[in-house]
Protein chains: 2
Amino acid sequence: MMTSKTPPLSATAAADAYVLDDQVGFLMRRANQRHLAIFSEGISDLTPTQFAALAKLCELGAVSQNALGRATSMDGATIKGVVDRLRLKDLVASTPDPDDQRRILLKPTAAGWDLFEAVAPTAHQITQDTLAPLNDAEQTIFLLLLQKLT
Amino acid sequence: MMTSKTPPLSATAAADAYVLDDQVGFLMRRANQRHLAIFSEGISDLTPTQFAALAKLCELGAVSQNALGRATSMDGATIKGVVDRLRLKDLVASTPDPDDQRRILLKPTAAGWDLFEAVAPTAHQITQDTLAPLNDAEQTIFLLLLQKLT
DNA sequence: AATAACTTGTGTGTATACCAATGGATTTTG
DNA sequence: CAAAATCCATTGGTATACACACAAGTTATT
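Per chain, residues are indexed from 1 in the order of the written sequence. To read the labels, note that chains go from A and ligands from 1, taken in the order they are written. The model is predicted, so local features are restricted to residues of pLDDT at least 70 and side-chain atom pairs to those at 80 or more, both for listing and for counting; the totals for chains, interfaces and linings are taken over all residues. Computation of side-chain values covers all heavy atoms of the structure but excludes hydrogens and water.

Per an unreviewed UniProt entry, chain A goes by DNA-binding transcriptional regulator, MarR family and derives from Shimia sagamensis.

Shown next as structure tokens:
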């Protein structure tokens, strides 16, 4: 509990005790910054978000844009921009869904598949490089705890 | 090591083995999304980034804009926007540095101090709420490992 | 002292990321 | 079946976040 480390405090005392560098949010932001740097070093063709969308699309087959967004934890506005850019790069193709006129069915193009398969090993390596400061046991625990925070 | 879970693979096999939901980057993004939601629920006046900058400024006293950026892990372009918005809200004041004509010295205003002290306890609570899915021991480990990944 | 190298703040461009609103399509319900 | 509720894609707005380039100021080098 919070109270074990921070017993009831006046607002001022709480402010004194607030050290930014100890906050989860700040640490997660920094850890993520490091990961993004590692990613763009290894894969410069795609952003992590674009790769996530492409990978998920290769995993799922043909899905609607919003469904892909849900599968990758992006809201409608975000996934639209990502898909637009993937289409500009000819990695993803879209066709209207004959069963539902609202939907756009997305599929990886041949080039999309090729790129995904070509960079998947690198993506694995990026995950490993990101976790490299931890030993095997620590990596397992970290991923487990991270999953619990999801 | 990676090889314990993923022995040498052909590109296609690597693609098969690539499950987005197991990747560190994806998990960190989702954990961060959850944290941001908790934050904005508790503190709606400021974004996490703005609060981080304000908190660090209260911690450091008078520093230049770029120095504040370094202390909060934001690059020059990012910290500029953040500080601009904090100034618009009258939480931060800027004066030219007499010793270095390039620099702008930043300081929290009285309102900035007041707001920081008022929300610091809430910020602590947000950290706790974010970590709530973990028990005490897990929280300690998680923060430790997170720090190692920084 | 003059030049080079660096720092600081700023501006531009691109890419997430989310909220709110909208119009059209589909599903659910009364 | 008709109305309400929901879903879908899109748009506009705001806020990080980083890369790059730039001008002006400062420090280091020669």
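The discussion continues.
Some details on the overall build of chain A
The criterion, for reference: The secondary structure listing takes helices from DSSP runs of H or I that are at least 4 residues long and strands from runs of E that are at least 2 residues long, numbered from the N terminus. Here's how the labels work: a residue is buried when its accessible area is under 20% of the maximum for its type, exposed when over 50%, partly exposed in between, all with a 1.4 Å probe on protein chains only. We call two residues contacting when some pair of their heavy atoms lies within 4.5 Å. Accessible surface is estimated by sampling points in the Shrake-Rupley manner with a 1.4 Å probe; for residues, cover comes only from the protein chains shown.
When helices and strands are tallied, chain A shows eight helices and three strands. Secondary structure elements of chain A occur, N-terminal to C-terminal, as α-α-α-α-β-α-α-β-β-α-α. Looking at chain A as a whole, 45% of its 150 residues qualify as buried. When contacts within chain A are restricted to residue pairs at least 6 apart in sequence, long-range pairs at least 24 apart make up 51% of them. Of the roughly 7400 Å² of accessible surface on chain A, 55% is carried by carbon and sulfur atoms.

A few points about the sheet that holds strand β1 (residues 63–64) of chain B
Residues and elements named next belong to chain B. Inclusion rule: The rule for pairing is simple: two strands pair if DSSP sees at least two bridges between them. All axes are obtained by fitting lines to C-alpha atoms, using only the stretch in contact for helices, and the reported angles, taken between N-to-C directions, cover 0 to 180 degrees.
On the basis of which strands lie adjacent, the open sheet formed by three strands has the order β1-β3-β2 and antiparallel pairing. The open sheet terminates on both sides in strands that have one partner only, identified here as β1 and β2 (92–96). Sheet analysis places β1 next to strand β3 (residues 104–108), joined by two bridges and oriented antiparallel. Directly across from Val63, in β3, lies its bridge partner Leu106. With respect to the sheet, helix α4 (residues 48–60) is in contact with β1, β2 and β3, its orientation differing from that of β3 by roughly 95 degrees.

Here we look at helix α3 (residues 24–42) of chain A
Count 3.6 residues to each turn of an α-helix, and residues three or four apart come out pointing the same way. Using the following cut-off: Each residue after the first adds 1.5 Å to the expected span of a helix.
An ideal rise of 1.5 Å per residue puts 27 Å on 19 residues; α3 of chain A measures up with 27 Å between its terminal C-alpha atoms. Those residues of α3 of chain A that fall on the buried side of the exposure criterion are Val24, Gly25, Phe26, Leu27, Met28, Ala31, His35, Ile38 and Phe39 of chain A. On its buried face, α3 of chain A sits against α4 (48–60) and α7 (110–131) of chain A together with α3 (24–42), α5 (65–71), α7 (110–131) and α8 (136–148) of chain B.

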